[in-house]
Amino acid sequence: MFKKIQTSVGDILDFPPDVAGEGPKITITGRQEILVENYQSIINFSEEEIRLETTDGEIFLSGKGFVLKTILATELRIEGKLNALSFEEGAEKNV
């Protein structure tokens, strides 16, 4: 018969994924503070490298003296000297 259609308010209003709360949002202040919102898990953490899993793939941060200042279910605040930020795409989403 009829297929159940599921949509979110973000889909209907055509918000970007980070605004709708689905994709990662990264805020960098200078090279000393990084705020990552909407991450799924911490894959690896050391003073020189942080690797995070997100809905869009993995995020790699490299630098020196990294310290996790805030760890919440969907938010990380990291302090230290950031040298590089890179992404590795995850599997394609079926829409």
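Please refer to the structure placed before this passage.
Description of the structure in this document. (Residues numbered from 1 in each chain as written. Predicted model: local features only at pLDDT ≥ 70, side-chain atom pairs only at ≥ 80, totals over all residues. Heavy atoms only, no water.)

**A closer look at the overall build of the protein**
Each helix and strand in the protein was counted, giving two helices and six strands. A buried classification covers 21% of the 95 residues belonging to the protein. Taking the intrachain contacts of the protein between residues at least 6 apart in sequence as the baseline, contacts between residues at least 24 apart amount to 41%. Total accessible area on the protein stands at roughly 6,900 Å², and carbon and sulfur atoms take up 51% of it. (Helix = DSSP H or I, 4+ residues; strand = E, 2+ residues; numbered from the N terminus. Buried < 20%, exposed > 50% of the residue type's maximum accessible area, 1.4 Å probe, protein only. Contact = heavy atoms within 4.5 Å. Areas by Shrake-Rupley, 256 points an atom, 1.4 Å probe, with all protein chains shown as cover.)

**Focus on the pattern of salt bridges**
Applying the stated criterion across every chain, the model contains three salt bridges. Put simply, arginine 77 and glutamate 33 hold a salt bridge, and the shortest N to O gap is 3.1 Å. On the criterion of sequence distance, the pair formed by arginine 77 in strand E6 (residues 75-89) and glutamate 33 in strand E2 (residues 33-37) is long-range, its members being 44 residues apart. Taking the relative accessible area as the measure of exposure, arginine 77 reaches 26% and is therefore partly exposed. Across the salt bridge formed by arginine 77 and glutamate 79, the nearest N and O atoms sit 2.7 Å from each other. One salt-bridge network, held together by shared partners, links Glu33, Arg77 and Glu79. (Salt bridge = Lys/Arg side-chain N within 4 Å of Asp/Glu carboxyl O.)

**With respect to the pairing of strand E3 (residues 39-45)**
Alignment of E3 against strand E4 (residues 49-54), held across five bridges, turns out to be antiparallel. The partner of phenylalanine 45 across the bridge, within E4, is isoleucine 50. (Pairing = 2+ DSSP bridges.)

**A look at unusual backbone geometry**
The backbone phi angle of asparagine 38 is positive, close to 65 degrees, even though this residue is not glycine. With respect to the helices and strands, the residue asparagine 38 is situated in the loop between E2 and E3.

**Digging into the environment of glutamate 88**
In this fold, glutamate 88 is placed in strand E6. What makes glutamate 88 partly exposed here is its relative accessible area of 45%. Counting along the chain gives 34 residues from glutamate 88 to threonine 54, while the straight-line C-alpha distance between them is 10.0 Å. When residues no more than four places from it in sequence are discounted, the contact partners of glutamate 88 are Asp56, Gly57, Glu58 and Phe60.

**Some thoughts on the side chain of threonine 54**
Counting through the fold element by element, threonine 54 comes out in strand E4. A polar side-chain atom of threonine 54 sits 3.1 Å from the main-chain amide nitrogen of aspartate 56. Residue contacts for threonine 54: discarding those within four places in its chain leaves Pro24, Asn38, Tyr39, Gln40 and Ile59. (Polar contact = N/O pair within 3.5 Å; in protein donor to acceptor, adjacent residues only side chain to side chain.)

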